[in-house]
There are 2 protein chains.
Amino acid sequence: MRFTTVRTAVGTKAARVEGEELVLLPYADVSELLASGEDWQARGGAADGERVPLEGAELAPLVPRPEKIFCVGLNYRDHAAEANLELPEYPTVFAKFARALIGPEDELVLPDPSISTWVDWELELGVVVGSPIRHASPEEALAGVAGYTIVDDISMRDWQLRTSQWLAGKTFEASTPVGPFLVTPDEVDPTAGMAMKLTVNGETMQESSTDQLAIGAAEVLSYISKIVTLVPGDLIATGTMAGVGHVRTPPVYLTDGDLVECSIEGLGSQTTRARL
Amino acid sequence: MRFTTVRTAVGTKAARVEGEELVLLPYADVSELLASGEDWQARGGAADGERVPLEGAELAPLVPRPEKIFCVGLNYRDHAAEANLELPEYPTVFAKFARALIGPEDELVLPDPSISTWVDWELELGVVVGSPIRHASPEEALAGVAGYTIVDDISMRDWQLRTSQWLAGKTFEASTPVGPFLVTPDEVDPTAGMAMKLTVNGETMQESSTDQLAIGAAEVLSYISKIVTLVPGDLIATGTMAGVGHVRTPPVYLTDGDLVECSIEGLGSQTTRARL
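Every chain is numbered independently, its residues counted from 1 as its sequence is written. Following the order in which they are written, the chains are lettered starting with A and the ligands numbered starting with 1. Where local features are concerned, this predicted model is filtered to residues with pLDDT of at least 70; where side-chain atom pairs are given and counted, the filter is 80 or more; whole-chain, interface and lining totals use all residues. Hydrogen atoms and water are omitted, and side-chain values are computed over all heavy atoms in the structure.

## Concerning the overall build of chain A
Applicable threshold: Numbering of helices and strands runs from the N terminus; a helix is a DSSP stretch of H or I covering at least four residues, while a strand is a stretch of E covering at least two. Atoms considered for the radius of gyration are the C-alpha atoms alone. The globule rule reads 2.2 Å times the number of residues to the power 0.38. Contacts are assigned to residue pairs that have any heavy atoms within 4.5 Å of one another. Under the convention used here, a 1.4 Å probe and the Shrake-Rupley method define accessible areas, while residue burial counts only the protein chains that appear.
Within chain A, the regular secondary structure consists of seven helices and 19 strands. Rg of the C-alpha trace for chain A: 18 Å, near the compact-globule value of 19 Å for 276 residues, within the 12% margin. Each of the three principal axes of chain A carries a C-alpha extent, and together these read 50 × 40 × 30 Å. When contacts within chain A are restricted to residue pairs at least 6 apart in sequence, those whose partners lie at least 24 apart make up 74%. Within the structure as shown, chain A displays about 10,100 Å² of accessible surface, and the carbon and sulfur contribution to it stands at 50%.

As structure tokens, then:
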């Protein structure tokens, strides 16, 4: 099943995707649907409501205000090689705050050039939590996953790298597209390999598969669950692959008007235009 | 003026501190009071309500669910010297999630020893945001500060240091006391030097003054405001001083039953007992 969060005249709504239509559900967004209880999927699958065409719908960030967004660094075998870094034994987790999120077709807000021009992309498999996950084995953690989506972990490389901690470059306002869909685990299996591709102005920049993840989603969630309880609507961006702009020779960064397209097999695609 | 968040039979309430009494306000917590508008202080100062004794009141985390918690590393001249690290040119900012917060007299939940026994303390000056701060000069940022409080940035050092990113060791569930009070800037001035002290079982472990901050609160908030909008209720922990347990010879960590007392001149004190 597929769900999304759509903007309407009276605020956002969770919606079920049925072919080319959205069925509006009585929840403010996908997070609220997930927080409605363990049987959220049955409820979201059964509820009826107004139908609107998917085409032309204005999609919000899939989960607009997650309590927590964990991102993983250095988690693709090919990206670590590119950056000349060893794969760590433990997932390298860092944070992003919800205020960084935008919808999957929104404009990606570039900072004023006096603040940063080193704006880079990172296509990632996003995992959305559906039920509380605490002190969980990888198998138990997987049972708490609501589904998968696409995250472009936009990174201001100068701010990311000017101290040892990456947060500053990772949580710029209105920078990070998430969506379009929450696709439930009965439809897709990242461990089986789902093709991933990111293009900038039509040129392929990143291309890999979800089976290149060094530490898989289940293991990452299990690890985090020893630190803190993951709750419905929490978002985990599982890391990016080779091909980011910063390590190219010369480096390539996003500028006004650039069009970024991200797709993951089975999860749809997102198209965001960078704007000053 | 002083405000706090207190637990009552019907959930938490914001309260104004008047001598030895709390005046319960019609807001669920201090964050909700701050979010009520620019004139929150006048409103919070004027509102009347039920009075309860401060002694025996059960205080909640001062701001229970900040949208953002930014912490600063390596920001005291003496702590950087102790850790053999240079003071960075920019504030080293990292995150904590709200689920880590506890009240100023709550039990500090130690992880199961199979997960971590390297539980360390970090007394810090906390800054609470009162009105939106965006692209602000240090002076403008200061005008958006609601007040100051005490944060003990409890850190699981093994989890903090096992990868390059500190988040994992900084956001353990129910680890981080914040409070007891929000003290407004007309009452205290950190730049003028407020004495800070942390003891464990009565033994002084950290002792410094807020005027030892390398990058002051106004500059830290100004810096963050270039990244993202700070909003009412956001919490910034401005960094700790010399005397943490991890760098002692031999290292000292918190164990079951240890009593941690944190005080900052003008801001009161917090007393938390570590419990497995």
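Having seen the model, we can carry on.
## Points about empty space enclosed by the protein
The condition is simple: In the cavity and pocket records, a cavity denotes points on a 1 Å grid over the protein atoms alone where a 1.4 Å probe fits but cannot get out, a pocket denotes an open set with protein on both sides within 12 Å along at least 5 of 7 lines, and lining residues are residues with an atom within 4 Å of a point. Grid points are joined across faces, edges and corners, and a volume is the space filled by probe spheres set on the points. Residues were grouped as follows: Ala, Val, Leu, Ile, Met, Phe, Trp, Tyr, Cys and Pro as nonpolar; Asp, Glu, Lys and Arg as charged; and all remaining residues, including Gly, as polar.
Per the stated rule, a full pass over the model turns up one cavity of 30 Å³ or more. Approximately 50 Å³ is the volume attributed to the largest cavity. Taken together, Val93(A), Phe94(A), Ala95(A), Gln165(A), Trp166(A), Leu167(A), Phe94(B), Ala95(B), Gln165(B) and Leu167(B) make up the lining of the largest cavity. Put simply, the parts of the chain that give the lining of the largest cavity at least two residues each are strand 6 (92–96) of chain A together with strand 6 (92–96) of chain B. Sorting elements by how many residues they give to the lining of the largest cavity places strand 6 of chain A first, with three residues. Counted by class, the lining of the largest cavity contains eight nonpolar, two polar and no charged residues.

## Quick word on the side chain of Thr4(B)
Residue and element names in this part refer to chain B. Stated formally: Relative accessible area decides the class of each residue, using a 1.4 Å probe on protein chains only: under 20% of the type maximum gives buried, over 50% gives exposed, and in between gives partly exposed. In protein, a polar contact requires one atom able to donate a hydrogen and another able to accept it; more generally it is a pair of N or O atoms within 3.5 Å, and residues adjacent in sequence count only if both atoms are side-chain atoms.
The topology assignment puts Thr-4 in strand 1 (residues 2–8). On the basis of relative accessible area, Thr-4 is assigned to the buried category, the value being 0%. Within the local environment of Thr-4, its side chain forms a polar contact with the backbone oxygen of Pro-180, the two atoms lying 2.7 Å apart. In this view, Thr-4 contacts Lys-13, Ala-14, Ala-15, Val-17, Leu-22, Val-30, Leu-59, Leu-62, Pro-180 and Phe-181; residues no more than four positions away in its chain are not counted.

## Quick word on the sheet that holds strand 18 (residues 259–264) of chain A
Residue and element names in this part refer to chain A. Filter applied, for reference: In this analysis, strands are considered paired if DSSP registers two or more bridges between them. Here, axes are lines fitted to C-alpha atoms. For helices the fit covers the stretch in contact, and angles between N-to-C directions go from 0 to 180 degrees.
Strand order in the open sheet made by the five strands is 8-19-18-15-16, with mixed pairing throughout. Pairing within the sheet leaves two strands with one partner each, and these edge strands are strand 8 (107–109) and strand 16 (203–209). Within the sheet, the average angular offset between the axes of one strand and its neighbour, ignoring direction, is 20°. Sheet topology places strand 8 next to strand 19 (residues 268–275); three bridges connect them, and they run parallel. Along strand 19, the bridge assignment pairs Val-109 with Arg-275.

## Examining the relation of the copies chain A and chain B
Quick note on the threshold: Superposing copies: least-squares fit, C-alpha atoms only, residues required to have pLDDT of at least 70 in both.
Least-squares fitting of chain A to chain B yields an RMSD of 0.0 Å, with the transformation described by 0.0 Å of translation along the axis and a rotation of 180°. Given the turn and translation reported, the copies of this chain are related as if by a two-fold rotation axis. Looking at the interface residues of chain A, 100% of them are also at the interface in chain B, so both copies use one shared face.

## Some details on the domain arrangement of chain A
Residue and element names in this part refer to chain A. So the rule is basically this: Throughout, the edges of the domains are those of an automatic or database domain assignment. Accessible area, probed at 1.4 Å, shrinks when two parts are joined; the buried area is that loss added up over both. By convention in these notes, a salt bridge is any Lys or Arg side-chain nitrogen within 4 Å of a carboxyl oxygen on Asp or Glu.
As far as domains go, chain A holds domain 1 (1–60) and domain 2 (61–275). Counting residues at the interface gives 18 residues for domain 1 and 26 residues for domain 2. Of all residues in domain 1, Met-1, Arg-2 and Leu-34 bury the most surface against domain 2, accounting for 31% of the area lost on that side. On the surface where domain 1 and domain 2 come into contact, there are three salt bridges. For Arg-65, the salt bridge goes to Asp-29, with nearest N and O atoms at 3.4 Å. Counting only elements with at least two residues in the side of domain 1 that touches domain 2, the list comes to strand 1 (2–8), helix 1 (30–34) and helix 2 (40–46).

## A look at the nonpolar core
Put simply, the test is: Residue types Ala, Val, Leu, Ile, Met, Phe, Trp, Tyr and Cys, when buried and joined through side-chain atoms within 4.5 Å, form a set referred to as a nonpolar core.
By size, the foremost hydrophobic cluster in this structure holds 125 residues, and its most contacted members are Leu221(A), Leu254(A), Leu221(B) and Leu254(B). When sequence neighbours within four positions are dropped, the list of residues in contact with Leu221(B) reads Val127(B), Val129(B), Ile133(B), Ala141(B), Val145(B), Leu230(B) and Ile236(B).

## Focus on the side chain of Arg157(B)
Residues and elements named next belong to chain B. With respect to the element layout, Arg-157 can be found in helix 5 (residues 157–161). Look at Arg-157 and you get buried, because its relative accessible area is 5%. Separated by 2.9 Å, the side chains of Arg-157 and Glu-122 make a polar contact. Setting aside residues no more than four positions away along its own chain, Arg-157 makes contact with Trp-118, Asp-120, Trp-121, Glu-122, Lys-170, Val-244, His-246 and Tyr-253.

## Brief notes about the interface of chain A and chain B
Across the boundary between the two partners, chain A contributes 33 residues, which contact 33 residues of chain B. Counting across the chain A and chain B interface gives two salt bridges. Its salt-bridge partner being Arg99(B), residue Glu67(A) comes within 2.7 Å of it at the nearest N-O pair. The interface formed by chain A and chain B contains 12 residue pairs in polar contact (both at pLDDT 80 or more).

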